Each structure stands twice: as C-alpha cells, then as structure tokens.
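Read off the chains here:
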Amino acid sequence: MRLGFLTHVAGAGDDARAVYRETIELAVAAEEFGYDSFWVAQHHLGAQGASAPSPFVLLAAIAERTTRIRLGTAVVVAPTEHPIRLAEDAAALDTLSAGRLELGLGAGSDPATFEAFGVPYQVRHARLRETVDTVLDLLTGADLVPSAPTLRDRIWLGTGSPEGIAWAVERGLGILSGRRSSGPAGPLPGDREAAEHLARYTPTRVALSRPVHPGASTVLTERLIPWITRGRAAGRFPVDFTPTDYLAIGNMYTGTPQTVARSLRADPGYPHATELLCHTQPARLPPAALLPVMRRTAHEVRPLLRAAAAEVT
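Rules behind the numbers
- Residues numbered from 1 in each chain as written.
- Predicted model: local features only at pLDDT ≥ 70, side-chain atom pairs only at ≥ 80, totals over all residues.
- Heavy atoms only, no water.
- Helix = DSSP H or I, 4+ residues; strand = E, 2+ residues; numbered from the N terminus.
- Buried < 20%, exposed > 50% of the residue type's maximum accessible area, 1.4 Å probe, protein only.
- Contact = heavy atoms within 4.5 Å.
- Areas by Shrake-Rupley, 256 points an atom, 1.4 Å probe, with all protein chains shown as cover.
- Lys, Arg positive; Asp, Glu negative; His and termini not counted.
- Charge placed at Lys NZ, Arg CZ, Asp CG, Glu CD.
- Right-handed = clockwise from strand over helix to strand, strands pointing away.
- Expected span 1.5 Å × (residues − 1).
- Bend = angle between axes of the 7 residues up to and from the residue.

Colleague: Honestly, the overall build of the chain in this entry has me stumped. Any pointers?
Modeller: A tally of helices and strands in the chain yields 11 helices and nine strands. A principal-axis box enclosing the C-alpha atoms of the chain has dimensions of 55 × 45 × 40 Å. Out of the 313 residues in the chain, the part that is buried amounts to 51%. Here the analysis covers contacts within the chain between residues at least 6 apart in sequence; of these, 75% occur between residues at least 24 apart. On the chain, roughly 14,000 Å² of surface is accessible, and the fraction owed to carbon and sulfur atoms is 54%. Considering the chain, the positive charge centre built from 31 side chains and the negative charge centre built from 32 side chains are found 4 Å apart.

This is the structure in structure tokens:
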C-alpha cells in the first residue's frame, strides 16, 4: 500500500502567499519522510476556508522542489471545468513533473460554487461524467498538446456511491474513497456502506482518505473547536457536543502509533485500499504541529501497518 498526504490548503487567514509557501514546504517534507504521494484539494471562492482554486499551478511549483513524490488532485471539481482546458492543464503538469501527476476528479459539493460558475447544482454528476469521458478521449487522442497518453491510467474518481464506483470501474479509473459520515453518530455506518460498494465492484485502485493524528496534542482539540462550534450552530451536532466527543467515537484516528495502526486496520475500507491518504481535516493544524504528525505517520504508523500485512501474507 502506498502512503499519501492530503491537504485542503487552508490556514493563514488572508495571506495566500504564506499558505502556498507552507504547502510547498509540506510537500518537500513529505518526500523526505518517504510519502509516495502528496494531494491537493480544489476549492473555489474560499469555500471551507481554503486557498487553492488552481491546484495544477500549486502542484507545478511543488514539482520544481521535488523529484520523486507523486502529485495528486483530490479533487478537481470537473463539472465547473472546460474539458479541453482541464486536459491541457493536466497534461502540462504531467509533462513538467516527468509523469508524476495523479489526476483526481469529482462532482463537487458546494452549491455556491456551482451558482458562481453558472452550472446547475443538480446536473453536476451528469456533467462530471461528460467531462471525464471527454478528458479520457483527449488524453488518448492525437490532438492534445502536450501529449500525455499514460495519464489515462492515473485518473481517479472521487465517489462513494455504487453508481459512481461502477461507472469508474467500467472506465478503468481509480476510486478516491473519503469518509461519508463524520459526526455525532461516528463514522462506522458510512464506512461500512462504502466498503460494501467497493467489495461489490472491486476497483483495482482505491485511495482511502482518512484523518490520522498519531500522538497526543492539545493543538488538535483546540483546532477542532471552531468547526464543532459551527456544527452545533447549524444543528449538525448536539448543543453539548465537544471536540473530545468527536474524537472519542472514532471520527479521527488518534492516539499512539500502535492505536492508530489498529484503528486503520479495523477500518472497513482498509482491506480494499491500494493507497492510504492521510490528512487532519477538519482540524487545520499549523505547519509546526502538522510536520510531527506527518513524520510519525510515515516513520511509526506505516511500519506497523507493513508488519501486520507481512504477518497476514
């Protein structure tokens, strides 16, 4: 199983330049720690407090500072993109990075973004499929400049529905499988449902996205407070729900490296994964707190997962 790190590029208020520089340094550190991939999420118009509407541009800067680590988008909101422009940008980045792009595409979930782009929210899934099919044709055709025919085999679809998984499997796409529920009921029911869909359609590439935080940290609890507070105000959480409650029911895999490794191995989606994408959402940790988490995940949790896999085989 490959190990990746996922960031939503959120953090330093209105200083986007500082956020970008921090993200580049995180990617450089991820390569040094031995991660196989580094993934950037796209958010338009500052949705979710994020600052990366153009992940190809940011990943191009990262490509110049790294040599080995694979560079992923998780995900580009494909229904808001023109397929030719999308294919050209992806091909250019893949060329600049010497074939290191992992192109993750998805339908998106922010209604305000679709309104701003003039795309009806209710047609996003149909438009996603049209865009992806066109991109696939462009990548394997003769007209795209620069050409990137091998990128066709490194495209991923962000989906958890049985229809989406079946459609992606028909086209030989990888699956980006995120957590479908994260709240007062805990993640297990949604994780089980998603795992059942993966087992039914058996995609050959599955990147499992999970919040991982080995080691005790008061910063983690503090950084969850704003998100929990907004959730209580919106009615997603009970009025007395706390960050401690959120962590206690398994919404994030925390604790000692041994505890985190056990939690991951018990995750219903884990047996289907070919790649594990670690992140710390919804907590937005500053780099000083995030770097030790990344290091412990790569140097302490990963060896435990490998040792457990070796025992099974």
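Colleague: How should the pairing of strand 3 (residues 70–77) be read in this particular structure?
Modeller: In the case of a regular strand, side chains alternate between the two sheet surfaces. For strand 3, the buried fraction is high: eight of the eight residues fall into the buried class. Taken together, strand 2 (residues 37–40), helix 2 (residues 55–65) and strand 3 form a β-α-β motif whose crossover is right-handed. A crossover connection joins strand 3 to the parallel strand 4 (residues 101–106) through helix 3 (residues 83–96); in handedness this β-α-β unit is right-handed.

Colleague: I'm lost on unusual backbone geometry in this one. Help?
Modeller: A cis amide bond, omega 0 degrees, links Ala 74 with the succeeding residue Val 75. With respect to the secondary-structure elements, Val 75 resides in strand 3. The residue after Gln 281, namely Pro 282, is reached through a cis peptide bond having omega 5 degrees. Structurally, the position occupied by Pro 282 is in the loop between strand 9 (275–279) and helix 11 (287–312). Although it is not a glycine, Gln 48 adopts a positive phi angle of roughly 60 degrees. One non-glycine residue, Thr 202, lies in the positive phi region at around 45 degrees. Among the secondary structure elements, Thr 202 is positioned in the loop between helix 7 (188–201) and strand 7 (206–214).

Colleague: I tried to follow helix 11 on my own but got confused; where do I start?
Modeller: Quick reminder: α-helices carry 3.6 residues per turn. Residues three or four places apart thus point the same way. For helix 11, built from 26 residues, the straight-helix expectation of 38 Å at 1.5 Å per residue is met to within 8% by its first-to-last C-alpha distance of 36 Å. The sharpest bend along helix 11 reaches about 35 degrees and sits at Thr 297. Those residues of helix 11 that fall on the buried side of the exposure criterion are Leu 290, Val 293, Met 294, Thr 297, Ala 298, Val 301, Arg 302, Leu 305 and Ala 308. The inward-facing, buried residues of helix 11 abut strand 1 (2–7), helix 1 (16–33), strand 7, helix 10 (257–266) and strand 9.

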